[in-house]
Structure formats: structure tokens, C-alpha cells
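The lines below spell out each chain.
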Amino acid sequence: QGIITPVLFSETGEVVNTYNLSSNDEIPLVEIPEGIFHTLLVREMASVILEVSKGPYNSETYKELASWAPQENEKEVLDFLNELERKIVPLPRRIL
């Protein structure tokens, strides 16, 4: 349920694809290819997200963090997300 915005980035941190994904869509699903830097912006408080990835799961290697983005829980994260919001608002809807 809810609305999320998947955001896919190039290797250098440029936004390359984004659109709003809603539980009202015919198929509310996004498949993000392996090795693509991405994030999800939650647009409604009651949004539900289920992430599925190829196993086996290893907490040490399951994700690669981008060098051009702040690391999780750093104080710069909020500024990064605010700037990202400003960048993606004018982008048209594109299918991933």
C-alpha cells in the first residue's frame, strides 16, 4: 500500500530513472537490476515495501554503498535526500 519513488543512479551519482509507484498501479512492482545504485523515497506514511534478493543472504556483502553518497546514519543524509527531492520533482514518469 502507499506510494514510493524508486530512484536509480549512474555510477557517478546522476539520477537516471525514477517514477512514482503506487499500490493503485496494475502491477505495483519494480525490479532493480543487480549492481545498480538506488534508493526508495517513501511518499505516504503508510507505505509498505518488500525487498527480495537472490540468496544466500550475507550481511557483510549484500550491498555496496556508493562513494558519492553519505553513509547510512551520517548527518549529511538529510541534506542528500532533500537535494534528491529537488532534483527528481521535475522528471517525467519513466518505466524502469
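The preceding data block contains the structure.
Procedures and definitions
Residues numbered from 1 in each chain as written. Predicted model: local features only at pLDDT ≥ 70, side-chain atom pairs only at ≥ 80, totals over all residues. Heavy atoms only, no water. Phe/Tyr/Trp six-rings, centres within 6.5 Å; stacked < 30°, edge-to-face > 60°. Helix = DSSP H or I, 4+ residues; strand = E, 2+ residues; numbered from the N terminus. Buried < 20%, exposed > 50% of the residue type's maximum accessible area, 1.4 Å probe, protein only. Contact = heavy atoms within 4.5 Å.

Caption draft 1: Examining the packing of aromatic side chains more closely. Counted by the stated rule, this structure contains 4 aromatic pairs. For the pair phenylalanine 9 and tryptophan 68, a centre-to-centre distance of 4.9 Å together with 55° between the ring planes defines the contact as tilted. Here phenylalanine 9, found in strand β1 (residues 3-9), pairs with tryptophan 68, found in the loop between β4 (38-42) and α1 (77-88); they are 59 residues apart in sequence, far enough to count as distant. On the accessibility criterion, phenylalanine 9 (7% relative accessible area) is buried. Grouped by ring-pair contacts, the aromatic residues Phe9, Phe37, Trp68 and Phe80 constitute a single cluster.

Caption draft 2: Expanded view of the environment of leucine 41. Along the chain, leucine 41 turns up in strand β4. Overall, leucine 41 belongs to the buried group, its relative accessible area being 6%. Between the C-alpha atom of leucine 41 and that of isoleucine 3, which follows or precedes it by 38 residues, the distance is 8.8 Å. In this view, leucine 41 contacts Ile3, Ile4, Thr5, Val7, Leu81, Leu84, Glu85 and Ile88; residues no more than four positions away in its chain are not counted.

Read these as spatial facts, not as claims about activity.
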